[in-house]
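Understanding the architecture of this molecule
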Amino acid sequence: MKPAAYGEAIWASLPSPALLLDPGDMISEANPAAELFLNASARSLQGAPFFDRMMIDAPLDDALRRVRSDQASLSINDVDVGTGERKPQQCNVQIAPMLAMPGFVLVLMEPRQLADRLGRAHSVKAAAKSAIGMSEMLAHEIKNPLAGITGAAQLLSMNLSGEDQEMTDLIVAEARRILALLEQVEQFGNLRPPARKAWNVHDLLERARKSATVGFAAQMRIHENYDPSLPSTWVDGDQLMQVFQNLLKNAAEAAGPEGGTITIRTFYDMSLRLRRTDGTGTLPLQVEIIDDGKGLPPEIAGNIFEPFVSGRENGTGLGLALVSKIISDHDGWISVDSVPGRTVFRISLPVAPKDTGE
């Protein structure tokens, strides 16, 4: 029985996990976000003891009693919430009595990670745009003298031998590496607005996967876990291919030369809604690229999509920043969850408009 005050649509659209508990603390209903959080269907959760399915680092049994007796809402901030099968997340937990349903309470868990990311999204985007603009200007100014240095080193090497020639060869190689970096920086500014049309996301993923298996991910095992019922998405196919290839390359590099496993997963989830200038948009199409590498360094995990932040030695820190920019230009969302042995990059995309005929 769902609370009538919420209605089917609102209940399904809540972005945070929500559970309705009966007077005996049994789960009566779970919204789609809670299904995802608990990795279980609403049907399988119905009738399950709440404290068997949730691990919350707070005296929640006492809180539930107080909410029922006082008929007043209660909030518990910054507590670890887990399921026993996944890493606990820090959440703000809100408990509210269902006034029209005596003894029933609503438990809403808002992961702090999502709230913090949404809260700072606009400031991060503005900072990234500023950093990229300045980098573009510097890249343009550096490329000309760099070409002169490279040419002079190549001329010198023609009349040298032995260790002296090795030094000029080193100058040329390092100058070319810097030039490649500058070209990546300039790519941010030159990236055209997305030319969108309806695409089957699995077609793009398969093209990226095949390209990876004969190149940088040849040593990896790649598993596909696709939901064939997904509708078309509304994207620039070339730009989204670039995103998928970049994420697959990162996953392959995380494993190292010994190889590892990459899982590509797609599914449908209505829980994420983003507020935009033209209203609130849903992003129900989900793509996850999962690797079993060593994970992101904790000190940079929260800033991994910002320019010049890299977890690899000699990394430029531009690949994921470009990925983030492309997804943002598509009004999508990208997030990462990383622990040693499991890193998940999740992309949320819009559905193609109905008038496209797809």
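Only a predicted model underlies this, so the values are computations on that prediction, with no experimental measurement involved. (Residues numbered from 1 in each chain as written. Predicted model: local features only at pLDDT ≥ 70, side-chain atom pairs only at ≥ 80, totals over all residues. Heavy atoms only, no water.)

**Observations regarding the packing of helix H9 (residues 237-255) against helix H10 (residues 319-329)**
Taken N-terminus to C-terminus, the directions of H9 and H10 make an angle of 145°; their axes are 10 Å apart at the nearest point. Crossing of H9 against H10: the hand is left-handed. Contact residues: Gln 239, Leu 240, Gln 242, Val 243, Asn 246, Leu 247 and Asn 250 in H9; Gly 319, Leu 320, Leu 322, Val 323, Ile 326 and Ile 327 in H10. Taken together, the residues that form the contact of H9 with H10 break down as eight nonpolar, five polar and no charged. (Axes fitted to C-alpha atoms, helices over the stretch in contact; angles between N-to-C directions. Helix = DSSP H or I, 4+ residues; strand = E, 2+ residues; numbered from the N terminus. Left-handed = near helix turned anticlockwise from the far one by under 90°. Contact = heavy atoms within 4.5 Å. Nonpolar A, V, L, I, M, F, W, Y, C, P; charged D, E, K, R; others polar.)

**Observations regarding the sheet that holds strand S4 (residues 74-82)**
Read from one edge to the other, the open sheet built from six strands follows the order S2-S1-S6-S5-S4-S3, with strand pairing classed as antiparallel. Looking along the sheet, the strands with just one partner apiece sit at the ends: strand S2 (27-30) and strand S3 (55-56). Sitting on the sheet, helix H5 (residues 60-70) is in contact with strand S1 (18-21), S3, S4, strand S5 (89-97) and strand S6 (105-111), with an inclination near 25° to S5. (Pairing = 2+ DSSP bridges.)

**Regarding the sheet that holds strand S14 (residues 333-339)**
Strands in a sheet are paired, the pairing made by backbone hydrogen bonds, and the direction either parallel or antiparallel. Across the sheet, five strands lie side by side as S8-S10-S13-S15-S14; this open sheet has mixed pairing. What marks the edges here is a single partner per strand, and that holds for strand S8 (221-225) and S14. For this sheet, the mean angle separating the axes of adjacent strands, direction not counted, is 15°. Contacts from H9 reach strand S10 (261-268), strand S13 (285-291), S14 and strand S15 (342-349) within the one sheet, and its direction differs from that of S13 by about 25°.

**Considering the pattern of salt bridges**
What the rule picks out here adds up to nine salt bridges. With a closest N to O distance of 2.9 Å, Arg 209 and Glu 206 form a salt bridge. One end of the pair, Arg 209, and the other, Glu 206, are both in helix H8 (residues 201-213), three residues apart, so they sit about a helical turn from each other. Residue class for Arg 209 comes out buried when judged on its relative accessible area of 16%. Relative accessible area serves as the criterion here: at 22%, Glu 206 is assigned to the partly exposed category. The residue Asp 269 makes a salt bridge to Arg 346 at a minimum N-O spacing of 2.7 Å. One end of the pair, Asp 269, is in the loop between S10 and strand S11 (273-276); the other, Arg 346, is in strand S15, with 77 residues separating them in the sequence. Accessibility classification places Asp 269 together with Arg 346 in one group, the buried group. (Salt bridge = Lys/Arg side-chain N within 4 Å of Asp/Glu carboxyl O. Buried < 20%, exposed > 50% of the residue type's maximum accessible area, 1.4 Å probe, protein only.)

**Comments concerning the environment of Pro 193**
Turning to its location among the elements, Pro 193 is positioned in the loop between helix H7 (162-190) and strand S7 (197-199). Pro 193 sits in the exposed class, given a relative accessible area of 65%. For the pair formed by Pro 193 and Ile 326, sequence separation is 133 residues and the distance between their alpha carbons is 8.9 Å.

**A closer look at H9**
Along its 19 residues, H9 runs 27 Å from first to last C-alpha, staying within 8% of the 27 Å computed at 1.5 Å per residue. Capping the start of H9 is the job of one residue whose side-chain oxygen sits 3.1 Å from the backbone nitrogen of Asp 238: Asp 236. Just downstream of H9, Gly 256 is the residue with a positive phi angle, here 85°. (Expected span 1.5 Å × (residues − 1). Polar contact = N/O pair within 3.5 Å; in protein donor to acceptor, adjacent residues only side chain to side chain.)

**So, the confidence of the model for the protein**
When pLDDT is averaged along the protein, the result is 80; 78% of the residues meet or exceed 70. pLDDT under 50 marks residues 1-6. Its contacts with residues more than four places away, or in other chains, come to 15 contacts. Taken together, the stretch residues 115-124 has pLDDT below 50 and engages in eight contacts with residues farther than four places along the chain or on a different chain. (pLDDT = per-residue confidence, 0-100.)

**Observations regarding unusual backbone geometry**
A positive phi angle, close to 65°, is found at Asp 25, a residue other than glycine. For Asp 25, the location among the structural elements is in the loop between S1 and S2. A relative accessible area of 18% means that Asp 25 is categorised as buried. In this structure, Asp 331 is a non-glycine residue whose phi angle is positive, near 60°. Counting through the fold element by element, Asp 331 comes out in the loop between H10 and S14. Given the relative accessible area of 31%, Asp 331 is considered partly exposed.

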